[in-house]
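A structural walkthrough
Take a look at the letters that make up each chain.
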Amino acid sequence: MLITRIELRNWRNFAHIEAKLRETVYLIGPNASGKSNFLDALRFLRDVASPWGGGLQKAIASRQGISKLRSLMARSNPEVEIYVELSDDVDDEIPTWKYRLAFTAETAGHRRNIITKEYVWHREHGVLLNRPNDKDNGDRELLTQTALENAFTNSEFRDVAKIFASTTYMHLVPQLLRYPELSSPTAPDNDPFGQRFLERVAKASDKTRELYLKKMEDALNLAVPQLKELKMVTDKMGRPHLEAIYKHWRPRGARQQEDQFSDGTLRLIGLLWCLLEGHSPLLLEEPELSLNDAIVERIPILIERLQRKRMQQVFMTTHSYSLLANPGIDGRDVLILETGTEGTQVRGISEEEAVLLKSGLSIAEVLLPKARPESAEKITLN
Ligand SMILES: Nc1ncnc2c1ncn2[C@@H]1O[C@H](COP(=O)(O)OP(=O)(O)OP(=O)(O)O)[C@@H](O)[C@H]1O
Ligand SMILES: [Mg+2]
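Reading guide: rules and limits
Residues numbered from 1 in each chain as written. Chains lettered and ligands numbered in written order. Predicted model: local features only at pLDDT ≥ 70, side-chain atom pairs only at ≥ 80, totals over all residues. Helix = DSSP H or I, 4+ residues; strand = E, 2+ residues; numbered from the N terminus. Rg over C-alpha atoms; globule rule 2.2 N^0.38 Å. Buried ≥ 20, exposed ≤ 12 C-beta atoms within 10 Å, placed from the backbone. Contact = placed C-beta atoms within 7 Å. Pairing = 2+ DSSP bridges. Axes fitted to C-alpha atoms, helices over the stretch in contact; angles between N-to-C directions. Expected span 1.5 Å × (residues − 1). Core = buried A, V, L, I, M, F, W, Y, C linked by C-beta atoms within 7 Å. Domains from an automatic or database assignment. Parallel < 35°, antiparallel > 145°, perpendicular 65-115°, else oblique. Left-handed = near helix turned anticlockwise from the far one by under 90°. Nonpolar A, V, L, I, M, F, W, Y, C, P; charged D, E, K, R; others polar. Near = placed C-beta within 6 Å. Arc of directions from axis to C-beta.

Right, let's talk about the overall build of the protein chain for a bit. A tally of helices and strands in the protein chain yields 14 helices and 15 strands. Relative to the globule expectation of 21 Å for 382 residues, the C-alpha radius of gyration of the protein chain, 22 Å, shows essentially globular dimensions. Viewed in the frame of its principal axes, the protein chain has a C-alpha envelope of about 75 × 55 × 55 Å. Sorting the 382 residues of the protein chain into buried and exposed places 36% on the buried side. Long-range contacts, defined here as pairs at least 24 residues apart, represent 63% of the contacts in the protein chain between residues at least 6 apart.

Further remarks concern the pairing of strand S12 (residues 282-285). By the alternation rule, side chains of S12 split into Leu282 and Leu284 and Leu283 and Glu285, which are all buried. In this sheet, S12 lies alongside strand S8 (residues 168-170) in parallel orientation, the contact comprising 3 bridges. The residue of S12 that forms the bridge with tyrosine 169 is leucine 283. Where S12 and strand S13 (residues 314-317) come together, 4 bridges link them in parallel fashion. Along S13, the bridge assignment pairs glutamate 285 with threonine 317.

Picture the strands of a sheet paired through backbone hydrogen bonds; they go either parallel or antiparallel. Taken in spatial order, the 6 strands make up an open sheet running S2-S1-S4-S5-S6-S7, and their pairing is antiparallel. Looking at strand neighbours, the two that pair on one side only are strand S2 (14-20) and strand S7 (126-131), the edges of this open sheet. Strand-to-strand twist in this sheet, taken as the mean axis angle between neighbours without regard to direction, amounts to 10°. As paired strands, strand S4 (residues 80-87) and strand S5 (residues 97-105) are joined by 7 bridges and run antiparallel to one another. Residue pairing across strands places isoleucine 82 opposite leucine 101, the latter belonging to S5.

Compared with an ideal rise of 1.5 Å per residue, which puts 15 residues at 21 Å, helix H9 (residues 263-277) spans 21 Å between its outermost C-alpha atoms and is within 8% of the ideal. Here H9 lies mainly inside the structure; 11 of its 15 residues are buried. Those residues of H9 that fall on the buried side of the exposure criterion are Thr265, Leu266, Arg267, Leu268, Ile269, Gly270, Leu271, Leu272, Trp273, Cys274 and Leu275. One or two positions beyond H9, positive phi appears at glycine 278, with a value near 75°.

What follows covers the nonpolar core. Ranked by internal contacts, the top residues of the largest apolar core, which has 93 residues, are Tyr26, Leu27, Val160 and Phe315. Looking at which domains feed residues into this core, each of domain 1 (2-167 + 279-373) and domain 2 (184-278) gives three or more.

Once that is clear, we can look at the packing of helix H1 (residues 35-49) against helix H5 (residues 158-165). At a closest axis distance of 7 Å, the pairing of H1 and H5 adopts a crossing angle of 120°. Between H1 and H5, the interaxial angle falls into the category oblique. Crossing of H1 over H5 shows left-handed handedness. Only Ala161, Phe164 and Ala165 of H5 make contact with H1, whose side of the interface consists of Leu45, Arg46 and Ala49. Of the residues assigned to the contact of H1 with H5, the class counts are 5 nonpolar, no polar and 1 charged.

This part is about the site of ligand 1. Inspection of the region around ligand 1 gives 17 residues, with Asn13, Asn31, Lys35, Ser36 and Asn37 positioned closest. For the shell around ligand 1, the element with the most residues is H1, which contributes 3 residues. Here the shell around ligand 1 is built from residues that sort into 4 nonpolar, 9 polar and 4 charged.

For the rest of this paragraph, the subject is the domain arrangement of the protein chain. By a frequent convention, interface size equals the accessible area lost on bringing the separate parts together. Entries for the protein chain in the domain assignment read domain 1 (2-167 + 279-373) and domain 2 (184-278). When each unit is reduced to the centre of its C-alpha atoms, the spacing between domain 1 and domain 2 is 29 Å. Elements that contribute at least two residues to the side of domain 1 that touches domain 2 include exactly S12 and helix H11 (299-309). For the side of domain 1 that touches domain 2, the element with the highest residue contribution is H11, accounting for 3 residues. Per-class residue counts for the side of domain 1 that touches domain 2 are 9 nonpolar, 6 polar and 3 charged.

Since the α-helix advances by 3.6 residues per turn, residues separated by three or four positions end up pointing in the same direction. Residues of H5 that are buried include every one of Val160, Ala161, Ile163 and Phe164, and no others. On an axial view of H5, the arc spanned by its buried residues comes to 160°, and they lie on one face. Where H5 is buried, its residues contact H1, S4, S5 and strand S6 (113-122).

The next thing to look at is the packing of helix H8 (residues 206-223) against H9. At their nearest, the axes of H8 and H9 sit 10 Å apart, and the two run at 135° to each other. In terms of their interaxial angle, H8 and H9 are classed as oblique. You can see that H8 and H9 cross each other, and the crossing is right-handed. Contact with H8, carried on its side by Tyr212, Lys215, Met216, Ala219, Leu220 and Ala223, involves Leu268, Ile269, Leu272, Trp273 and Leu276 of H9 and no other residues of that element.

Structure follows, in structure tokens:
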């Protein structure tokens, strides 16, 4: 199942945006245009739907309250709203599912965060949920919880809850993987920066891990040819580590663990693992970071090959010319974020841009110039 459409209202720096989504979504735009905020809307749904202690209140609290996530552009005290459509095929005229969630904070009394709308629709079964309903009106406390977050109340649309909950965010920060003690134990996300990435690898079955590590070693061989025999080992304390042989002038090479791997190696390992695990939707933050251009160019192909084997939706923010220069990228996969006084707008490619792409220019050539901040040339430190 894929998220085929999204609409956000009063979400962070978006007053109102709508976008059609395909199997791969490239989010491009200047710094602070809202690419990460866009991904955060999907993480928010994940946090609400998470069966491991998720829920609306926690999802809001972990973002420091509704005032942080409600758009500063919004006047008065409006609702924050997320709407998505889901389907197996991005070209379905009528989606399989529609899910809408809107919430606000009470302006008096308990000042609770309450749901103003929760709506679920299915192509065959019609409207399955439309809140506030009579029960909610009789007991307003019910409006502090979504039907999505509760197995009793989401039974008729469990598929939707499962898709949201399976959303995986990958923004591996090498220093945090090497030194997990640097990260906050109360990190709002379940694993936003890959601190617990090694646990994730350790949790896979032996067979899967062996298979994936072998595939990763082959891929890594091209990027970091000195690295051989990638495997997982446990230390005396029972903690998992990645280990590889680092070939050098001595015939046998030296064993190294993840704290000695380079930033690029660690980020590539994280990226490859998430792609192999097949999480969907998979949210990737700037996968190009720390990687050589020759590797970055290959990222779109890597993703497309895996998608041919199974349905996996990948969202990616990027600033990379090399990544977007890949001629295989379909122009319809790109969303361009443009900032303005009324908040950021999101758009797909225009007809004119489509013609340029057809004539042989790459996404990087046609669209990246438009994602440049207007006066970047003037940046200086006097
Ligand atoms: N509630 C809010 N209302 C309005 N703007 C907000 C809100 N919350 C965050 N922002 C703004 O959103 C911007 C950050 O957006 P975001 O981090 O998504 O950018 P980005 O496109 O990912 O940038 P980069 O390329 O630098 O990573 C900041 O300018 C921040 O002030
Ligand atoms: Mg960002």
